[in-house]
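Descriptive analysis of the structure
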Amino acid sequence: MRSSWILTLLQVYPSLAARLGPSNGEIRRHSQDRISERRSFRESYSPLPAGQDPYREGYQPVSTIDSAATSVDLQVPPTASVFWPNTTTAASTVETPSPTPDLVPSGPETNQSNTTMAPSNIFGTPIATSHPSKSFVVQKDHPVPRTGISGPAPIGTNKFYANFFLSKQGAPTYVHPYSVVWAKGQGASPSWGLTISHIEANQIVYGDKSPVTGAAKYFLNPVGIQSLSLSALELGNNTHLTTDNLSSHSANVNLHANSTAKPLITFPLVQGMGFVTAVYKGGTPVINTGIFFKTVTKSLQGPKPGVTKYTLYLEDGKVWHVYAYSAKNDTFDLTVVNNQLAKAAKPFNGIVQIAKDPGNAEAIIDAASGAYPVNVTLSGSIAGSKGTYTFAFQKAGFSNVKLLMYALPHHVDSFDDATHKNISPAKLQTTTKGMAVGVVADSWTMVEPHMPVTMGFSPWDPVDGEKNTLTDSAINAITPVAANETAQDVIHQSDQNSMYFSGKALAKFAGICLTANDLLKNKPLAQTGLKNLKVAFSRFSNNTQQYPLYYDSAWGGVVSSATYQTGNDGADFGNTFYNDHHFHYGYFIYAAAVIGYLDPSWLTKENVDYVNTLVRDVANPTPADKYFPVSRNFDWYHGHSWAHGLYETADGKDQESSSEDAMHAYAIKMWGKTIKDANMEARGNLMLAIIARSLNRYYLYTEDNNVQPSEFVGNRVAGILFENKCDHTTYFGANIEYIQGIHMIPLLPSTKLTRPPNFVKQEWATYFDKGRADNVEGGWKGILYANLATVDPQTAWNFFSRKDFDPSWLDGGASLTWYLAYCAGES
């Protein structure tokens, strides 16, 4: 049984209903694939040697009790230029000090001006910059207040830093490999600063073992461990926390002595940062620990001119390094008051940085001290099937010092040669993404050499390509099924009080029309279905559905009006609170792509603007679009999306259905192709390739997976992947067909890319072979057999073509027409 301090699923996603839905048994969520690994950079983690000597040459021990004479006076010449986080420039290095005590709210991404980007940059051109259609009622307020946010919308609602502006602002933020949280005067070492934690693999907590697989039902990383806290003596009960410069990969967290005071400390947070950096603006630095100091030493020379260094040895055996620099020549002398508290002698203007020593990288950490990231500029290009994307880290501090940033396994696997050469020996465990590797560079470039550029609307295989031909016998068998399903009432089936279920119904009929036209070569039948589908879609493009969409100007996005009208914050799976937008709107985008493909005359300005608005909401590529945040759902650092919106949770953001994540990327690719937006199509292709890579490391597990804990890999799928834990379950039930199946739906041409045959075979053998799939009831049975078509299309065909086939075996978003065509397709 789980401890009481772990958030329950209902606390995380309030009022979520079962995925089994209105028509044939609804569901929700999706899948992915695996690619070659650079195993040489994933060897086992080497902890700090137990015998490391804290009294080695060049270090002076600092008493942990006696506060007298704890430091050496150092003459610190003002050498390298250090500056505050500069939020008004896109330069990756700055040569002169640039103090900006009043940080500009929407600076970092706003100033990644697309006018400076090369024409080949697929992220450089906005989809649109116009206000969303007048059919969307504008709501200037939202049920969730923007607590402590400085600056205007749009705001990244599904980003890693959201806990800093949600609820009481007291839940952790996971920057990888560290987690940080506002201490708020609570915990083992009361502090009003920012607490830093890092969890080792041997601290992971595992759930009970499954009686079927022997795998742990969940794994999680303990929260509330206060390794170190960075604070200021002036902070107390009236401390006020604000955030600004909220971009797709970074944010500033500011601590004020009270609600009217200027910030005393600013923490620039960037995913993968090697140091936790605090920019002090006149506060007196304080370092607390809930683990207890064992020994504190001060470097007699410092790692470089002007930088003061302390090393903190904690009672848990872990070692942390502290670095300080002041452009104003302020001294940084720590007095260790007791085994939980060290404080500076006087107020400080400058930076204080903390990094954990993995045991073999002190020289690397020393060399990287004094520089820190403040933002990331994402760019990308394509050449045939090869996609390339780059993280250019905007930095502050010493301009001539390369940044230490930590890369996740899927990054390392796809680094280009130049980036790969910058990999260091530094490695730190992450919470749910395996071992992070330190990279000393100001930019990374990743390459996806096999984007699915040949993938279209027909069934597709990574090796054989499109399977857009059916035999005469298959056509004869499928045509009457298609005629029967085309005659169903799409207008009624899509008339739901949920954007999710409505979108699934539209996508189902789009697949039927596509199959009739392209695979059955029956254009009259396709046009009959298409006519009704366009009428059904018009209810949504005119925004006259049961709960119309609003444009929320408080956060910047298109949301369901369901919560506004009902008061239920879990209505439509939390759409109003920005949950699951890429799932909900992805189905609409896919349906629109099919309609526009079959009937180009449908691509009127009004229809294109409507669909583009949905794309902008979930996948806006550039800050030039002022109405939506950049990449609300897809996280370019993690390589997959986050579904979790404006709900605070101690385990960070999460996503359940990996396959619906892939669906949204596929839909964007195909919509871009339909409207001839080459950049959008390219981004969709690139996202699909990255998703295929990342999901087969973090979500979908074959026996040789060496990223996730071996105790958990036997589950074959993550279940729900959080930033801080993996839980082999769903939000709507614990049946194994739910847990595995939510990573299968919907079946699309992209399915074989993201769910490769080796994985499908192992999962089937683990849970569903030897007749076990036949014992499953409802739409899940059809989902399982459609998934089987990846490796055994004949058995899947036999199931779907049996004379006693029960329509209840179809999920409400699936059609027998498409399933049969998928099984029967040939190259």
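Position labels on residues start from 1 in each chain and follow its written sequence. With the structure being a predicted model, the display of local features is reserved for residues of pLDDT at least 70 and the display and counting of side-chain atom pairs for 80 or more, all residues being used for whole-chain, interface and lining totals. Side-chain descriptors were evaluated using all non-hydrogen atoms of the structure, hydrogens and water having been removed beforehand.

Next up on the list: the environment of Pro305. Here Pro305 is to be found in the loop between β14 (293–299) and β15 (308–314). A C-alpha to C-alpha distance of 9.4 Å links Pro305 and Tyr325, two positions 20 residues apart in sequence. Helical segments are the DSSP runs of H or I of at least four residues, strand segments are the runs of E of at least two, and each set is numbered from the N terminus.

Any two strands with at least two DSSP-identified bridges between them are counted as paired. The 3 strands lie next to each other as β22-β24-β23, forming an open sheet whose pairing is antiparallel. Across the chains shown, the open sheet's two edge strands, defined by having one partner strand only, are β22 (404–407) and β23 (423–429). Averaged over all adjacent pairs, the angle separating strand axes in this sheet is 35 degrees, with direction ignored. A fitted line through C-alpha atoms represents every axis, and for helices the fit uses only the stretch in contact; the resulting angles, taken between N-to-C directions, go from 0 to 180 degrees.

Further remarks concern empty space enclosed by the protein. Using a grid of 1 Å spacing that covers the protein atoms alone, one calls a set of points a cavity when a 1.4 Å probe fits there but cannot get out, and a pocket when the set is open and has protein on both sides within 12 Å along at least five of seven lines; lining residues are those with an atom within 4 Å of a point. Grid points are joined across faces, edges and corners, and a volume is the space filled by probe spheres set on the points. For the coordinates displayed, the defined rule picks out 9 cavities of 30 Å³ or more. Quantified by volume, the largest cavity comes out at close to 240 Å³. At the level of elements, α8 (499–519), α11 (581–598), α19 (779–788) and α21 (816–824) are the ones that each hand at least two residues to the lining of the largest cavity. Here the lining of the largest cavity is built from residues that sort into 13 nonpolar, 4 polar and 3 charged. When residues are grouped by polarity, Ala, Val, Leu, Ile, Met, Phe, Trp, Tyr, Cys and Pro land in nonpolar, Asp, Glu, Lys and Arg in charged, and all others, Gly among them, in polar.

Let us look at the sheet that holds strand β18 (residues 341–344). One open sheet accounts for 7 strands, arranged β3-β4-β5-β8-β13-β18-β17; its pairing is antiparallel. Where the open sheet ends on each side, the last strands, each with one partner, are β3 (173–174) and β17 (334–338). Strand direction decides the pairing type here: strand β13 (residues 285–288) and β18, joined by 3 bridges, are antiparallel. The partner of Ile287 across the bridge, within β18, is Ala342.

Aromatic pairing here means that ring centres of Phe, Tyr or Trp (its six-membered ring) are within 6.5 Å. Orientation follows from the plane angle: under 30 degrees is stacked, over 60 is edge-to-face, and everything else is tilted. All chains considered together, the criterion is met by 49 aromatic pairs. For the ring pair Phe219 and Phe712, a centre distance of 5.1 Å and an interplane angle of 80 degrees mean the geometry is edge-to-face. A residue pair is termed long-range when its members are at least 10 positions apart, and Phe219 in strand β7 (residues 218–220) and Phe712 in helix α15 (residues 710–713) qualify at 493 residues. Note on accessibility: Phe219 and Phe712 belong to one class, buried. Centroid distance Phe732 to Tyr738: 5.4 Å. Interplanar angle 40 degrees. Geometry classified as tilted. By way of ring pairs, the aromatic residues Trp764, Tyr767, Phe768, Tyr785, Phe799, Phe800, Phe805, Trp809 and Tyr819 are connected into one cluster. The side chain of Lys725 reaches across the aromatic face of Phe722, ending 4.8 Å from its centre. Note on classification: 1.4 Å probe, protein chains only; a residue is buried when its accessible area is under 20% of the maximum for its type, exposed when over 50%, partly exposed between these limits. In this scheme, Lys NZ or Arg CZ marks a charge over a ring once it lies within 6 Å of the ring centre and within 35 degrees of the ring normal.

An ideal rise of 1.5 Å per residue puts 27 Å on 19 residues; helix α9 (residues 523–541) measures up with 25 Å between its terminal C-alpha atoms. Those residues of α9 that fall on the buried side of the exposure criterion are Leu525, Ala526, Gly529, Leu530, Leu533, Ala536, Phe537, Arg539, Phe540 and Ser541. Residues count as neighbours in contact if any of their non-hydrogen atoms are within 4.5 Å of one another. On its buried face, α9 sits against α6 (472–486), α7 (490–493), α8, α11 and α12 (605–619). Think of a polar contact as two N or O atoms within 3.5 Å of one another; within protein, one of them needs to be a possible hydrogen donor and the other a possible acceptor, and neighboring residues in sequence only count if both atoms come from side chains. One side-chain oxygen at the N-terminal end of α9 lies 3.1 Å from the backbone nitrogen of Leu525; it belongs to Asn522. Directly after α9, the chain includes Asn543, whose backbone phi takes a positive value near 60 degrees. Given the number of residues in a helix, its expected span is that number minus one, multiplied by 1.5 Å.

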